[in-house]
Amino acid sequence: MNDGFYMSGMLIILGVLTYLFRNIPNPYIGVRVGYTYLSKEAWREANTFAAVYCIVAGLVLWAVTYFLHPPKDTILLLLLGIVVILAVTTYQKAKEAYERSDIRTPLEGTSQPLTTVNAKPYLIAQLIAIGIYFLIAALLWGRLPETIAVHYSSNGHPDGFASKVMGVVVYPLVGFVIMPLFTVLVSKVPMLIRFPVFGKGQKLTLAFLTIMHFLVVVVITTSLLYNVGVIGGGWTKWAAICIVVITVIWAYWMWRHYTSNPLEE
Amino acid sequence: MLGNKKEKALKKLRKDIRSGFYAYLALLALEQKGELHGYALRKELETTSNGHLVPSEGTLYDILKSLKKYGLVEDFWVQAGGRPRKSYKLTSLGEEVLKELKSEVLEIIRIAGGVSCE
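All values reported here derive from a predicted model rather than from experimental measurement. (Residues numbered from 1 in each chain as written. Chains lettered and ligands numbered in written order. Predicted model: local features only at pLDDT ≥ 70, side-chain atom pairs only at ≥ 80, totals over all residues.)

### A word on the packing of helix α1 (residues 2-20) of chain A against helix α3 (residues 40-68) of chain A
All names here are of chain A. Relative to each other, α1 and α3 sit at 160°, their axes nearing to 7 Å. In terms of axis orientation, α1 runs roughly antiparallel to α3. Viewed along their axes, α1 and α3 form a crossing whose handedness is left-handed. For the pair α1 and α3, the contacting residues are Gly-4, Phe-5, Met-7, Ser-8, Leu-11, Ile-12, Leu-14, Gly-15, Val-16, Thr-18 and Tyr-19 in the first and Asn-47, Ala-50, Ala-51, Cys-54, Ile-55, Ala-57, Gly-58, Leu-59, Leu-61, Trp-62, Val-64 and Thr-65 in the second. Split into classes, the residues belonging to the contact of α1 with α3 amount to 16 nonpolar, 7 polar and no charged. (Axes fitted to C-alpha atoms, helices over the stretch in contact; angles between N-to-C directions. Helix = DSSP H or I, 4+ residues; strand = E, 2+ residues; numbered from the N terminus. Parallel < 35°, antiparallel > 145°, perpendicular 65-115°, else oblique. Left-handed = near helix turned anticlockwise from the far one by under 90°. Contact = placed C-beta atoms within 7 Å. Nonpolar A, V, L, I, M, F, W, Y, C, P; charged D, E, K, R; others polar.)

Right, here's the structure in full:
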């Protein structure tokens, strides 16, 4: 029940913050997709909607928690629904606002075609990495205990456990889907991500997603190897640290991109 | 009260007639120019109609959205002035539909002209 109050409180705070920044495009607070980055009008429309939606959704979630006392799983499902609707509708709002403002803005200079990068090689590399993981998992299956470690503390000691099927197949699959999904989205819908990247930027983004995917596979593989006693838990920790380092480098690149390409109206 | 009703009716009929005509003119302009950016398309409609038929950007957005929905027009990104812009072009289905529409529109103009002359 406390989770419901916590999550509704978070939604309301998020909504209020978004409302306060609904007229101030910035790289930190608000709906940040390609369209809102490029157009103040798209930023305003998407963020005004997102702010009101988050506050109302937060109040509804609070009322549901207070009056109906639903179990934690129901609250999580509700929150997932709220977030999915928020993501789809705000993206749609931003897209419409951008395309409307695009119609009224004269074209400057000559236009050059913008082609999207072929994501297939990146996707194939990502799928090969998943294949290698499952090959190792199949080879080690007989040596794995029925309960395996799936989470580790900062000093590399296991602090979370799951059954063999969940820990070797289900949880890794959930982790493995994320980067390939973003790879497809970035190549098909370049405006979905924060900065509308085309050409070189899109290649860099896809390369980053593929490197992140490899690291996710490495982290989960080291956990697998730890569970059969081949390596210590420290390896998983270092692989996880690599993910953080790559993320920080990427965040820096995005920040540089943002500051060197100020928003124009 | 009666004047208000007349204005309402005129507004509604104008809107219905114009939105169909805008869609037809947009298809025609895209056929002639090959591909056009939304702003250029609006300017093209303004030029061809001597400034009489200029849809607002909201109206043109809705028309293009509906033409895209029916698969008559497709959009693609171009880069101009350092930012991505949307351009539009006819699809093969759009070309087919426009071909049939042309003769129908000419027939409508002929009938409307005949009726108004009587």
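### Regarding the interface of chain A and chain B
Contacts between chain A and chain B engage 19 residues on the former and 19 residues on the latter. For the side of chain A that touches chain B, the elements supplying multiple residues, two or more each, are α4 (72-104) and β1 (112-113) of chain A. Of the residues assigned to the side of chain A that touches chain B, the class counts are 8 nonpolar, 5 polar and 6 charged. Summarising the sheet, β1(A) and strand β2 (residues 73-80) of chain B pair through 2 bridges and their orientation is antiparallel. Across the sheet, residue A:Pro113 finds its bridge partner in β2(B), namely B:Val78. (Pairing = 2+ DSSP bridges.)

### Overview of the pairing of strand β3 (residues 158-163) of chain A
Alignment of strand β2 (residues 147-152) of chain A against β3(A), held across 5 bridges, turns out to be antiparallel. What sits directly across from A:Tyr152, in β3(A), is A:Pro158.

### Here we look at the packing of α4(A) against helix α2 (residues 38-48) of chain B
Two numbers describe how α4(A) lies on α2(B): the axes approach to 6 Å, and their chain directions differ by 50°. Overall, the two elements α4(A) and α2(B) adopt an arrangement that is oblique. Relative to α2(B), α4(A) is oriented so that their crossing is right-handed. In contact with A:Asp102, A:Ile103 and A:Arg104 of α4(A), α2(B) contributes B:Gly38, B:Tyr39 and B:Arg42. Grouping the amino acids of the contact of α4(A) with α2(B) by side-chain chemistry returns 2 nonpolar, 1 polar and 3 charged.

### Looking at α3(A)
Across its 29 residues, α3(A) extends 41 Å between first and last C-alpha, which sits within 8% of the 42 Å expected from 1.5 Å per residue. Two residues or fewer after α3(A) comes A:His69, characterised by a positive phi angle close to 45°. (Expected span 1.5 Å × (residues − 1).)

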